[in-house]
Amino acid sequence: MKFTLNWLKEFVALKAAPEKLAELLTMAGLEVESLAAQCEPETNEEDWLFEIGVTPNRGDCLGLEGLAREVFALTGGRMKSPPGSPRLLYTSYPSDQPPIVSTRWRHTD
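Below, the structure is looked at part by part. (Residues numbered from 1 in each chain as written. Predicted model: local features only at pLDDT ≥ 70, side-chain atom pairs only at ≥ 80, totals over all residues. Heavy atoms only, no water.)

A few points about the nonpolar core
Part 1 of the reasoning: The biggest cluster of nonpolar side chains holds 21 residues, and the ones touching the most others in it are Phe3, Leu8, Leu21, Leu25, Phe50 and Leu67.
Part 2 of the reasoning: Counting residues per element, the ones that place at least two in this core are helix 1 (5-8), helix 2 (18-27), strand 4 (46-53) and helix 3 (64-75).
Part 3 of the reasoning: Aside from chain neighbours lying at most four places away, what touches Phe50 is Met1, Lys2, Phe3, Leu5, Pro18, Leu21, Ala22, Val32, Ser34 and Leu35. (Core = buried A, V, L, I, M, F, W, Y, C linked by side-chain atoms within 4.5 Å. Buried < 20%, exposed > 50% of the residue type's maximum accessible area, 1.4 Å probe, protein only. Helix = DSSP H or I, 4+ residues; strand = E, 2+ residues; numbered from the N terminus. Contact = heavy atoms within 4.5 Å.)

Structure follows, in structure tokens:
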């Protein structure tokens, strides 16, 4: 699966360096097969292209939102809900406890 760091940042607030994120993903069982810097043609800004290998037992990470939830759990960042997506509230717990992430629907009328 390929994705860019900027695309991932649409789903999760992230401050980790691309190399550190690649290491965290690999340690979580999502092997980063390649990591390459690239230049965005529209903005001329640097972005990072990740290519990860998703194993059969990690089907939850086959989409970008599932991958963002994994990054959220690994980094303790803040989840964002892109426009048009269902609103979920994500909660992570302090780092001195085992890593637990819970979600719940937030009703918007």
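Considering the packing of aromatic side chains
Ring pairs (aromatic) are described by centroid distance and by the angle formed between their planes.
Part 1 of the reasoning: Applying the stated rule across the entire model yields one aromatic pair.
Part 2 of the reasoning: Note on Phe3 and Phe50: the rings are 5.0 Å apart at their centroids and 5 degrees apart in plane angle, and the pair reads as stacked. Of the two residues, Phe3 sits in strand 1 (residues 2-4) while Phe50 sits in strand 4, which places them 47 residues apart along the sequence. Of the two residues, Phe3 and Phe50, both sit in the buried class. (Phe/Tyr/Trp six-rings, centres within 6.5 Å; stacked < 30°, edge-to-face > 60°.)

Considering unusual backbone geometry
Part 1 of the reasoning: Here the phi dihedral of Asn44 falls at roughly 60 degrees; this positive angle occurs in a residue that is not glycine.
Part 2 of the reasoning: Tracing the chain through its elements places Asn44 in the loop between strand 3 (31-39) and strand 4.
Part 3 of the reasoning: For Asn44, a relative accessible area of 61% puts it in the exposed group.

Some thoughts on the pairing of strand 4
Part 1 of the reasoning: Of the strand pairs in this sheet, strand 1 and strand 4 are connected by three bridges, and their pairing is antiparallel. Residue pairing for strand 4: Phe3 is matched across the bridge by Phe50.
Part 2 of the reasoning: Two elements, strand 3 and strand 4, share eight bridges in a ladder whose sense is antiparallel. Bridge pairing in strand 4 links Leu35 to Phe50.
Part 3 of the reasoning: Joining the antiparallel neighbours strand 3 and strand 4 is a turn of six residues, in which Asn44 adopts a positive phi near 60 degrees. (Pairing = 2+ DSSP bridges.)

Description of the sheet that holds strand 4
Part 1 of the reasoning: Taken in spatial order, the three strands make up an open sheet running 1-4-3, and their pairing is antiparallel. The open sheet has two edge strands with one neighbour each: strand 1 and strand 3. The sheet shows a mean angle of 20 degrees between the axes of neighbouring strands, taken without regard to direction.
Part 2 of the reasoning: Across the sheet, helix 2 touches strand 1, strand 3 and strand 4, and the angle it forms with strand 3 is around 160 degrees. (Axes fitted to C-alpha atoms, helices over the stretch in contact; angles between N-to-C directions.)

Topic: helix 3
Part 1 of the reasoning: The end-to-end C-alpha distance of helix 3 is 16 Å, a good match for the 16 Å that 12 residues give at a rise of 1.5 Å each.
Part 2 of the reasoning: Within helix 3 the residues assigned to the buried category are Leu64, Gly66, Leu67, Ala68, Glu70, Val71 and Phe72. (Expected span 1.5 Å × (residues − 1).)

Observations concerning the side chain of Thr4
Part 1 of the reasoning: With respect to the helices and strands, Thr4 occurs in strand 1.
Part 2 of the reasoning: Within the structure, Thr4 has its side chain in polar contact with the backbone nitrogen of Trp7 (distance 3.2 Å).
Part 3 of the reasoning: Polar side-chain contacts of Thr4 include one of 3.3 Å to the side chain of Asp47.
Part 4 of the reasoning: Those residues within four positions of Thr4 in sequence are excluded, and the remaining contacts are Gln38, Asp47, Trp48 and Leu49. (Polar contact = N/O pair within 3.5 Å; in protein donor to acceptor, adjacent residues only side chain to side chain.)

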